[in-house]
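One-letter residues, chain by chain:
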Amino acid sequence: TLTSRLSKCHKHHTLQIELSLFILSSGGAELLFDGVKKHHVTLPSQSEPWDVKQLLVWIQRNLLKERPELFVQGDTVRPGILVLINDADWELMGELDYRLQDQDNVVFISTLHGG
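If you're wondering where the values come from, they're calculated on a predicted model, not measured in any experiment. (Residues numbered from 1 in each chain as written. Predicted model: local features only at pLDDT ≥ 70, side-chain atom pairs only at ≥ 80, totals over all residues. Heavy atoms only, no water.)

Draft legend 1. Region of interest: the sheet that holds strand S1 (residues 19-26). Reading across from one edge, S2-S1-S7-S5-S6 is the order of the five strands in this open sheet, with mixed pairing throughout. On the outer flanks of this sheet lie strand S2 (38-43) and strand S6 (88-89), each paired with one strand and no other. For S1 and S2, the ladder comprises six bridges, and the chain directions are antiparallel. The residue bridging Leu24 from the neighbouring strand is Lys38, located in S2. Contacts between helix H2 (residues 52-62) and the sheet are confined to S1, S2, strand S5 (81-85) and strand S7 (105-110), with S2 contributing the most and set at about 110° to the helix. (Pairing = 2+ DSSP bridges. Helix = DSSP H or I, 4+ residues; strand = E, 2+ residues; numbered from the N terminus. Contact = heavy atoms within 4.5 Å. Axes fitted to C-alpha atoms, helices over the stretch in contact; angles between N-to-C directions.)

Draft legend 2. Focus on the confidence of the model for the chain. Confidence in the prediction of the chain, expressed as mean pLDDT, is 87, and 83% of residues score 70 or more. Across residues 2-13, where pLDDT falls below 50, the model places one contact with residues more than four positions away in sequence or in other chains. (pLDDT = per-residue confidence, 0-100.)

Draft legend 3. Region of interest: the pattern of salt bridges. With the rule as written, the count across this model stands at two salt bridges. With its nearest N and O atoms 3.6 Å apart, the salt bridge here joins Arg67 to Glu69. (Salt bridge = Lys/Arg side-chain N within 4 Å of Asp/Glu carboxyl O.)

Draft legend 4. Region of interest: the side chain of His39. Here His39 is to be found in strand S2. On the basis of relative accessibility, which here comes to 14%, the residue His39 falls in the buried class. Not counting residues up to four positions away in its chain, the partners in contact with His39 are Leu21, Phe22, Ile23, Phe33 and Leu63. (Buried < 20%, exposed > 50% of the residue type's maximum accessible area, 1.4 Å probe, protein only.)

Draft legend 5. Examining the side chain of Ser110 more closely. Residue position: Ser110 is located in strand S7. When near neighbours in sequence (up to four residues on either side) are disregarded, Ser110 contacts Ser26, Gly27, Gly28, Ala29, Gly80 and Ile81.

Draft legend 6. Spotlight on unusual backbone geometry. One non-glycine residue, Asp87, lies in the positive phi region at around 70°. Along the polypeptide, Asp87 turns up in the loop between S5 and S6. Exposure remark for Asp87: the relative accessible area of 71% places this residue in the exposed category. If you check the backbone angles, Glu95 has positive phi at about 50° while not being a glycine. Residue position: Glu95 is located in the loop between helix H3 (90-93) and S7.

Structure representation (structure tokens):
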């Protein structure tokens with residue numbers, strides 16, 4: 001089958017198909033995405049597996065509407081934004097190094113609220 005042939009490819013030549021993800025934001029984080037809380041996105045295929053670090057760059061280029069400094073700091077999310085991957089704290093999943101899988105749910109929750 002095609003799947004078994006693909007899995008036999010050398011690690012350096014792994015064929016990556018595009019990934020379909022659900023990106024959700026709440027707690028105020030959605031305001032950075034034009035008030036849209038749920039995005040169903042398709043990440044293009046690439047030779048390296050997609051990880052969260054690359055996803056953050058993609059989000060900045062494709063989804064963030066304003067003030068990216070309120071979402072990212074350096075190459076990670078800024079303090080005060082909680083990240084869940086498939087309902088688990090991303091700290092348990094490897095944070096930036098977590099390799100995204102097709103149909104993953106990635107949630108960004110702002111815990112910073114203006115007073």
